[in-house]
Amino acid sequence: METEPKTNLLDLDRKGLIAFFAGMGEPAFRSTQVLKWIYVRGVRDFGAMTDLSKDLRARLSQSADIVLPEVVREQRSGDGSHKWLLRMPDGNSIETVFIPEEDRGTLCVSSQVGCTLNCSFCSTAQQGFNRNLTTGEIIGQVLLAAESLGQMTSECRIISNVVMMGMGEPLLNYDNVVAAMNLMLDDFAFGLSKRRVTLSTAGIIPGIERLRRDCDVSLAVSLHAPEDQLRNELVPLNRKYPIKELLAACKRYVGEGRRRVTFEYVMLAGINDSDTHARQLVRCLRGVPAKVNLIPFNPFPQTGYTCSSPERLAAFHRILVSAGLVTLTRKTRGDDIDAACGQLAGQFRDRTQRRERRLAQSRTDIQ
Ligand code: SAH
């Protein structure tokens, strides 16, 4: 007789758990009990969930399990950053990074195995795309990191912020990402405030609209260029969702309140970093509640780009600040373990064969 596949409880947010327990004839508050066992106490053995009846524990072991990705390697950078290489049951692997700062600890979480967007300056793009991560694989990154950093055994909150800025485009894996973020925010799971969970997108406008209604966490947008022609080159998605419409969606997202959208801008020498670009950026963000994060470009093998010089970066930064834009230049962290922005790669079979095409192309270039 075929047995039904078990439900991985990490795939379910509170709503999902309530429906799951309803299917077993159990009341909604079972979801709170189980969330606490998994995310607050770090327990994965149903037998140890002592506030559930013995009968329910036995039925749960029959129909459900709690499966996390496997940690293949953990690296620690000289600056205190951590990077985990995680392997999924199908053999694909992804990376998760923790960045400690004085007043916070930020976990950078991946949403897909690879990415479909092909941004010209990103190493994940060079690897191609394999598949979306499940909700369990997304929230599993937070759970594994919290355990490995000792958060589950002490009272203190080591991971105070989560950014969906690892591999992949989170808004192209919408349902699983939103369910995982619901768990980050749930009082009986990780209990983070909406301010402390940030989703970063290359600019999927319909996804931004949906997110505003479903789970309005902090929004970051990878802008990288102040006008469409250049942005088409750097972020090809811009051809579908150009800057003006993207910024209108950003304004709607934050509404009239005090929130701002963070605009990420990677500094590429001689490409997007002149004084003229800075002034264009100021004009383009006029009227948008914005913060700008300047990101020094992190090189990787086979990239044609280099990072702007510190002087250029400082000059660009100054122009934005003197025009009244809140601007931060991001410190490069974890680059000694390839954990910096755009350096996350993982290992997987690329379904798009982008990598092979690129290698073939570079071979013909050499000949
Ligand atoms: N797809 C989403 C999530 C990825 S976030 C997005 O585009 O926002 C990763 C961030 O790092 C993005 O802002 C991305 O543009 C930036 N990035 C990618 N490659 C980089 C590199 N080589 N150096 C610095 N930043 C990079």
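Each value, and the rule that gives it
- Residues numbered from 1 in each chain as written.
- Predicted model: local features only at pLDDT ≥ 70, side-chain atom pairs only at ≥ 80, totals over all residues.
- Heavy atoms only, no water.
- Pairing = 2+ DSSP bridges.
- Helix = DSSP H or I, 4+ residues; strand = E, 2+ residues; numbered from the N terminus.
- Axes fitted to C-alpha atoms, helices over the stretch in contact; angles between N-to-C directions.
- Parallel < 35°, antiparallel > 145°, perpendicular 65-115°, else oblique.
- Left-handed = near helix turned anticlockwise from the far one by under 90°.
- Contact = heavy atoms within 4.5 Å.
- Nonpolar A, V, L, I, M, F, W, Y, C, P; charged D, E, K, R; others polar.

Some words on the pairing of strand β3 (residues 70-76)
In this sheet, strand β4 (residues 82-87) lies alongside β3 in antiparallel orientation, the contact comprising six bridges. Across the sheet, residue Arg 73 finds its bridge partner in β4, namely Leu 85. Hairpin connection between β3 and β4: a loop of five residues separates the two successive antiparallel strands, and Gly 80 in this loop has a positive phi of roughly 95°.

Focus on the packing of helix α10 (residues 275-284) against helix α11 (residues 310-322)
Following both chains from N to C, one finds α10 and α11 inclined at 30°, their axes separated by 9 Å at the closest point. In this view, α10 runs roughly parallel relative to α11, as classed from their interaxial angle. Between α10 and α11 the crossing geometry is right-handed. Judged by residue contacts, Asp 275, His 277, Ala 278, Arg 279, Leu 281 and Val 282 of α10 engage Arg 312, Ala 315, Phe 316, Ile 319 and Leu 320 from α11.

Describing the packing of helix α1 (residues 14-23) against helix α2 (residues 29-40)
Where α1 meets α2, the axes come as close as 8 Å, and the angle between the chain directions of the two elements is 120°. Here α1 is positioned oblique relative to α2, judged by the angle of their axes. As for the relative orientation of α1 and α2, their crossing is right-handed in sense. Contact residues: α1 offers Arg 14, Leu 17, Ile 18 and Phe 21, while α2 offers Arg 30, Ser 31, Thr 32, Val 34 and Leu 35. Considered class by class, the residues forming the contact of α1 with α2 number five nonpolar, two polar and two charged.

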